[in-house]
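These are the residues of each chain, in order.
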Amino acid sequence: MSVELYGLEKCSTCDKARAWLDQHKVKYSFTDYREHPIAPASLKQWAKELTWEKLVNRASYTWRDLTDTQKSASTDADWLKLIKDYPALVKRPVVVKGDSVSAGFSEKKFKELFGG
């Protein structure tokens with residue numbers, strides 16, 4: 001089963017996730033979504049599975065710097081525009097494993113996803 005990891009190259013949480021995967025010998029591909037933006041259809045699919053509220057990191061400095069109008073995004077189009085303008089809003093990392101999607105990293109979450 002293929003594992004795709006999406007995040008930012010210079011993100012400490014993504015570094016931890018990649019180190020965990022390497023240590024547990026899980027093969028994966030990594031995509032920096034600043035360099036290679038995520039297709040809107042993929043974002044919508046992820047949000048369908050997770051919800052936009054769980055896909056977007058509302059604790060980030062990027063989120064805090066948004067206007068109240070931007071923070072009131074309610075449609076797919078609103079969310080997609082925000083992420084296009086501010087890719088760092090996406091919680092990191094996003095893991096796509098087969099048909100499942102998860103966002104964020106913790107040892108516990110990765111043990112549940114990959115065993116070990």
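Note that the structure is a prediction, hence the values are computed from the model and not measured.

A. Broad picture of the layout of surface pockets. Each pocket or cavity is described by its volume, and for the largest pocket that value is around 180 Å³. Lining the largest pocket we find Tyr33, Arg34, Pro37, Ile38, Pro40, Leu43, Leu80, Ile83, Lys84, Pro87 and Val90. Broken down by secondary-structure element, the contributors of at least two residues to the lining of the largest pocket are α2 (40-50) and α6 (76-85). The element contributing the most residues to the lining of the largest pocket is α6, with three residues. Its residues assigned to classes, the lining of the largest pocket shows nine nonpolar, no polar and two charged.

B. How the structure looks around the sheet that holds strand β2 (residues 29-32). Read across the open sheet, the four strands follow the order β2-β1-β3-β4; overall the sheet is mixed. Only two strands of the sheet have a single neighbouring strand rather than two, namely β2 and β4 (100-103). The mean inter-strand angle of the sheet, taken between neighbouring strand axes irrespective of direction, is 20°. Two elements, strand β1 (residues 3-7) and β2, share four bridges in a ladder whose sense is parallel. When the bridges of β2 are listed, Gly7 appears paired with Asp32. The sheet strands contacting helix α7 (residues 107-114) are β1, β3 (94-97) and β4, and the helix crosses β3 at an angle near 10°.

What counts and how
- Residues numbered from 1 in each chain as written.
- Predicted model: local features only at pLDDT ≥ 70, side-chain atom pairs only at ≥ 80, totals over all residues.
- Heavy atoms only, no water.
- 1 Å grid on protein atoms, 1.4 Å probe; cavity = no way out; pocket = protein on both sides within 12 Å on 5 of 7 lines; lining within 4 Å.
- Points joined across faces, edges and corners; volume = space filled by probe spheres on them.
- Helix = DSSP H or I, 4+ residues; strand = E, 2+ residues; numbered from the N terminus.
- Nonpolar A, V, L, I, M, F, W, Y, C, P; charged D, E, K, R; others polar.
- Pairing = 2+ DSSP bridges.
- Axes fitted to C-alpha atoms, helices over the stretch in contact; angles between N-to-C directions.
- Contact = heavy atoms within 4.5 Å.

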